[in-house]
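The primary structure of each chain is shown beneath.
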Amino acid sequence: MRTSVALSFLMLSLLSVPGEPAEPKAGTIEAFDAYAAQVRQDFLAADHAGATPPRPGAIVKVPGGLVHHWSSAVVIPGVSLEQVLAVAQDYEHYAAIHTPVLQSQLIERNGNTFRIRVRMKSDAGLLSAVLDSWSVVTYIHTPRGVRTLSETRKIRQLNSEDQPAAPPPAGFSDSKNFWAANTFTSFESVPEGVRIELETLGLSRRFPRMLGWIIEPIARRLGRSSAERTLEEFRAAVVRVHPTDK
């Protein structure tokens, strides 16, 4: 369920700015972490039982970077919460669920906490970008269902999709443009089946000054569509595993 963040930034990763360092400044990371902490607090405190529409998307400026904040929701009819969670936690087979995923690996599971690596690719005409990302995903059981918190602070931009897997960067991400991500997902049983709400945050460098007016509308469209696409592909995967007439 964390693929929507990386998908929207695969395209942005093609827009490297020559001469700029790969890693973000300390103040940029601190600003993103503060923003993510507030969203996390709101997410855990919110009542997701109703059919509240997702928040509109936003691109927020922080010192030295941009926070991309998107959301989406879907209802999968005729399935149980346990069936949906089984697909969500099948990290080894995410390439069969999400189009941009080339490979995925469950590195470690400790109770309700999963450490995973995902490799993704996107093409734009003659250009393409490939990223490896390492995430920690925690599942929290609540009276209304399950919520997941995913944090990605290690991202590497690769030269090719066949590049051998390597350990994560020693420091922060060494991707040129896409530095960090958080994903917040709520799974709740409703009379129709299971309702899923997805909220994603991503940290990127600022758009190139002379191209920002062109790139920002594209980034907004990618952000919204990638969140929706992630849930639609996930819904289709659940239905394939657990077909229903509803």
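The structure under discussion appears in the preceding block.
Residues numbered from 1 in each chain as written. Predicted model: local features only at pLDDT ≥ 70, side-chain atom pairs only at ≥ 80, totals over all residues. Heavy atoms only, no water.

A closer look at the environment of Leu 106
What counts is decided by this rule: For helices the rule is a DSSP run of H or I covering at least 4 residues; for strands it is a run of E covering at least 2, with both sets numbered from the N terminus onward. Relative accessibility thresholds used throughout: buried, under 20% of the residue-type maximum; exposed, over 50%; partly exposed, between the two (1.4 Å probe, protein chains only). Contacts are residue-level and defined by heavy atoms, with any inter-residue pair within 4.5 Å sufficient.
Relative to the helices and strands, Leu 106 is located in strand β3 (residues 101–110). Classification of Leu 106 as partly exposed rests on a relative accessible area of 30%. Residues Leu 106 and Tyr 91, 15 residues apart in the sequence, show an inter-C-alpha distance of 5.9 Å. Non-local contacts of Leu 106, meaning those with residues more than four positions away in its chain, are made with Tyr 91, Glu 92, Phe 114, Arg 115 and Ile 116.

A few points about helix α3 (residues 81–88)
Note the threshold: Directions are taken from the helix axis to each C-beta atom, and the arc is the one they span.
Of the residues making up α3, those classed as buried are Leu 81, Val 84, Leu 85, Val 87 and Ala 88. The buried residues of α3 occupy an angular sector of 160° when projected down its axis, which confines them to one face.

Observations regarding the packing of aromatic side chains
For any pair of aromatic rings, the description consists of the separation of the ring centres together with the inter-plane angle of the planes. Here is the rule: For Phe, Tyr and Trp, rings pair up if their centres lie within 6.5 Å, where Trp contributes its six-membered ring, and each pair is then called stacked (planes under 30 degrees apart), edge-to-face (over 60) or tilted (otherwise). We count a charge as sitting over a ring when the NZ of a lysine or the CZ of an arginine lies within 6 Å of the ring centre and within 35 degrees of the ring normal.
This model, assessed by the stated rule, comprises 4 aromatic pairs. Ring centres of Phe 43 and Phe 184 lie 5.5 Å apart, and the angle between their planes is 45°; on these two criteria the pair is classed as tilted. Residue Phe 43 is found in helix α2 (residues 26–45), and its partner Phe 184 is found in strand β7 (residues 178–190); the two are separated by 141 residues along the sequence. The interplanar angle of 65° and the centroid separation of 5.3 Å between the aromatic rings of Phe 114 and Tyr 139 together place this pair among those described as edge-to-face. With a gap of 25 residues between them, Phe 114 in strand β4 (residues 113–124) and Tyr 139 in strand β5 (residues 127–142) connect regions that are remote in the sequence. With respect to class, Phe 114 is no different from Tyr 139; both count as buried. Feature note: the residues Tyr 91, Tyr 94, Phe 114 and Tyr 139 constitute an aromatic cluster, connected by ring pairs. Of note, Arg 147 hangs over the ring of Phe 43, and the distance from its end group to the ring centre comes to 5.6 Å.

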